[in-house]
Amino acid sequence: MNRVWWKEGIAYQIYVRSFKDTNGDGIGDLKGIIEKLDYLKYLGVNIIYLNPINKSPNDDNGYDISDYYDIMDEFGTIDDFKLLIEEMHKRDMKLIMDLVINHTSDEHPWFVESRKSKDNPYRDYYIWHPGKDGNPPNNWGSFFGGSAWEYDEQTGEYYLHLFSKKMPDLNWRNENVRNEIIKMIQFWIDMGVDGFRFDAINHLEKDFNFPDAEVKEGQIYGDFIKYVQNLPKVHDYIKEIRRRAFNTGHHVLIGETGGISYHNAYLYTGVDREELDMTFHFDMHSVGKGEKDWERRKIDLVKEIKEKMSGWQMRDEKEGWCPIFFSNHDSTRTVSRLGNDEKYHRESAKMLATLQLTQKGTPFIYYGDEIGMTNAWDFELEDYRDVAVFNKYRDFVESGLVSHENYIKGLHLTSRDNARTPMQWDDSKNAGFSEATPWIRVNSNYKDINVKAQMQDENSILNYYRRLIELRKNNLTLVYGDFIEINREHEEIYSYIRKGEDDAFLVIVNFFDGTPTFNLPEDVKIKEAELVLSNYKCDDKNVDGITLKPYEARIYKCKL
Ligand code: GLC
Ligand code: CA
């Protein structure tokens with residue numbers, strides 16, 4: 001067994017803006033994280049992944065960087081960052097930083113120069129085009145709404161931005177760009193950062209013929225993804241970064257790769273490809289979403305959950321490792337999307353946690369999921385902060401394609417802001433997140449759902465997470481053991497065995513609110529089984545023929 005820190009660790013993702021504000025400006029900051037490190041230690045996590053913290057005008061909350069070598073004013077200073085790393089390393093925690101290198105802010109000095117004139121030395125750092133007969137070069141639409149091209153008066157040309165117009169895409173074909181980025185990565189490595197999450201990494205290369213894309217029904221812009229995602233040259237760029245910036249073997253490299261599934265992830269994570277160690281996928285992103293944003297559909301456990309989650313773990317080890325996560329800052333709240341955040345809030349949140357902490361991969365717990373934070377079901381348009389919400393409002397509501405009511409209903413189910421509300425620390429004003437009015441509204445359920453209350457409650461979601469984390473840390477079988485799925489075709493129960501050299505775990509969860517019966521398949525023989533954790537009080541010694549309660553989850557330690 002080749003033991004590796006980032007395989008054994010338990011990661012926790014922090015959306016810094018929303019975690020803890022210490023200077024009363026309503027925005028979370030680095031000092032806030034330092035203040036809460038002991039809480040994270042108490043929870044048991046030992047890797048922290050931070051969303052972007054570099055200097056930024058915050059058009060997209062830090063994903064638009066204007067200085068790669070400095071910290072965002074609202075978050076603190078380089079000294080705060082040094083202190084954070086020091087305090088983390090003291091507690092045996094590792095830090096993963098977000099690296100946004102597909103684009104910069106339009107306020108980055110490179111872009112400020114680039115737009116000045118066609119022969120500026122920085123012109124080719126970005127992607128410029130004269131356009132076609134006074135129109136944009138093609139019909140590509142930005143992911144955040146509107147055209148992917150912005151006309152710039154100074155030189156009469158268009159620049160490409162896959163995201164907002166304040167986020168121009170870098171031109172990775174330019175060697176100077178690559179050199180600058182690698183130099184910058186080295187700066188953060190020297191600071192002591194242990195790993196990186198490469199934002200939107202599979203967009204680094206574009207089709208420079210810029211062909212028009214097919215426009216689908218109900219869409220305004222062309223479906224251009226195949227011209228800007230997962231193109232062959234992306235791999236050359238990643239290999240170059242790895243070879244030139246990472247040579248000690250210590251760091252973990254994680255890519256965010258839309259459009260990649262467990263079938264082809266080896267292209268990025270295959271051990272002999274020398275690119276990334278794991279990739280964040282979008283498998284869980286739209287689970288349960290209906291045809292329209294404002295519609296919901298029952299989850300298909302076999303096709304949407306088991307096939308995908310199990311698929312990653314059953315790959316050949318040579319294809320690479322994977323993260324296990326349900327939510328992040330681009331999705332919605334785990335218990336609201338995949339569980340039942342009303343009648344079975346506690347049970348379903350614990351059931352999902354059971355899956356996350358007993359599968360093969362590195363668990364990434366999204367801040368607030370450990371207390372079962374939910375979507376913001378009562379937000380109105382003015383409560384949202386995401387730039388995409390307003391761009392798409394223009395595209396869809398103002399153009400008459402979608403009604404205002406349906407759009408808002410859709411936001412309740414799909415907006416990224418659902419997962420960005422302030423951390424609910426206690427039941428005091430602003431949920432203990434800040435003295436001042438927070439940058440985004442606190443979820444109105446904070447008096448019922450908060451850390452303080454759950455610390456005091458033996459049966460809370462928080463305490464269940466702590467036990468799960470403890471169990472995983474004490475049993476390498478849960479990290480490295482084989483993943484053997486059983487009863488794949490069962491439509492309500494997800495069950496599997498994690499098999500180590502001398503022991504094994506049997507995990508059984510009821511994914512819905514029914515009361516199905518679990519039967520061991522004939523070919524699985526269990527000699528001894530001890531129930532080690534469950535989300536219901538349970539003294540049942542059986543492992544076969546058991547009728548499960550709604551969202552019941554059980555973990556048995558066994559001998560096979
Ligand atoms: C990634 C990030 C997302 C951001 C986008 C642009 O998808 O996760 O939050 O908006 O890239 O950087
Ligand atoms: Ca602050």
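In what follows, the structure referred to is the one given above.
Residues numbered from 1 in each chain as written. Chains lettered and ligands numbered in written order. Predicted model: local features only at pLDDT ≥ 70, side-chain atom pairs only at ≥ 80, totals over all residues. Heavy atoms only, no water.

Some thoughts on the packing of aromatic side chains
Across all of its chains, the model carries 39 aromatic pairs by this definition. Judged by centre distance (5.1 Å) and plane angle (85°), the ring pair of F280 and F325 falls under edge-to-face. Taken together, the residues F280 in strand 11 (residues 278–280) and F325 in the loop between strand 12 (323–324) and helix 10 (334–338) connect sequence positions 45 residues apart. Overall, the relative accessible area of 7% leaves F325 in the buried class. (Phe/Tyr/Trp six-rings, centres within 6.5 Å; stacked < 30°, edge-to-face > 60°. Helix = DSSP H or I, 4+ residues; strand = E, 2+ residues; numbered from the N terminus. Buried < 20%, exposed > 50% of the residue type's maximum accessible area, 1.4 Å probe, protein only.)

Re the pattern of salt bridges
Taken as a whole and assessed by the stated rule, the structure comprises 42 salt bridges. The salt bridge partner of R123 is E157, with a shortest N-O separation of 2.8 Å. A residue pair is termed long-range when its members are at least 10 positions apart, and R123 in the loop between helix 5 (109–114) and strand 6 (128–129) and E157 in strand 8 (residues 157–160) qualify at 34 residues. Taken as a pair, R123 and E157 share a single burial class, namely buried. Note that R197 is salt-bridged to D199, the shortest N-O span being 2.8 Å. The exposure class of R197 is buried, given its relative accessible area of 2%. Residue classification places D199 among the buried positions, given a relative accessible area of 5%. Ionic contacts of the salt-bridge type, sharing partners, join the residues D60, D330, D386, R416 and R420 into one network. (Salt bridge = Lys/Arg side-chain N within 4 Å of Asp/Glu carboxyl O.)

Details of the site of ligand 1
Near ligand 1 there are 13 residues, and of these D60, D199, E256, H329 and D330 occur at the shortest range. In the model, an oxygen atom of ligand 1 is placed 2.7 Å from a nitrogen or oxygen of the H329 side chain. Taking R416, its side chain carries an N or O atom lying 3.0 Å from an oxygen atom of ligand 1. In isolation ligand 1 exposes 300 Å². Once the protein is present, 96% of that is buried. When its residues are assigned to classes, the shell around ligand 1 shows 4 nonpolar, 2 polar and 7 charged. (Near = heavy atom within 4 Å. Polar contact = N/O pair within 3.5 Å; in protein donor to acceptor, adjacent residues only side chain to side chain. Areas by Shrake-Rupley, 256 points an atom, 1.4 Å probe, with all protein chains shown as cover. Nonpolar A, V, L, I, M, F, W, Y, C, P; charged D, E, K, R; others polar.)

Looking at the packing of helix 11 (residues 345–358) against helix 15 (residues 461–474)
Between helix 11 and helix 15, whose axes approach to 10 Å, the crossing angle comes to 15°. Overall, the two elements helix 11 and helix 15 adopt an arrangement that is roughly parallel. Once helix 11 is placed against helix 15, the crossing between them reads as right-handed. Residues H345, R346, A349, K350, A353, T354, Q356, L357 and T358 of helix 11 touch helix 15, and the partners they reach there are I461, Y464, Y465, L468, I469 and R472. (Axes fitted to C-alpha atoms, helices over the stretch in contact; angles between N-to-C directions. Parallel < 35°, antiparallel > 145°, perpendicular 65-115°, else oblique. Left-handed = near helix turned anticlockwise from the far one by under 90°. Contact = heavy atoms within 4.5 Å.)

A short note on the coordination of the calcium ion (ligand 2)
Only D21 (OD), N23 (OD1), D25 (OD), I27 (O) and D29 (OD) from the protein coordinate the calcium ion (ligand 2), and they sit 2.3 to 2.4 Å from it. Counting the intervening residues between successive donors of the calcium ion (ligand 2) yields the motif D-x1-N-x1-D-x1-I-x1-D. Assessed through its relative accessible area of 33%, D25 is described here as partly exposed. (Donors = N, O, S within 2.8 Å, 3.2 Å for Na, K, Ca; no water.)

A closer look at the environment of E180
Turning to its location among the elements, E180 is positioned in helix 6 (residues 175–190). Separated by 257 residues in sequence, E180 and T437 place their C-alpha atoms 39 Å apart. Sequence-distant contacts of E180, that is, excluding residues within four places in its chain, are made with Y69, W110 and Y125.

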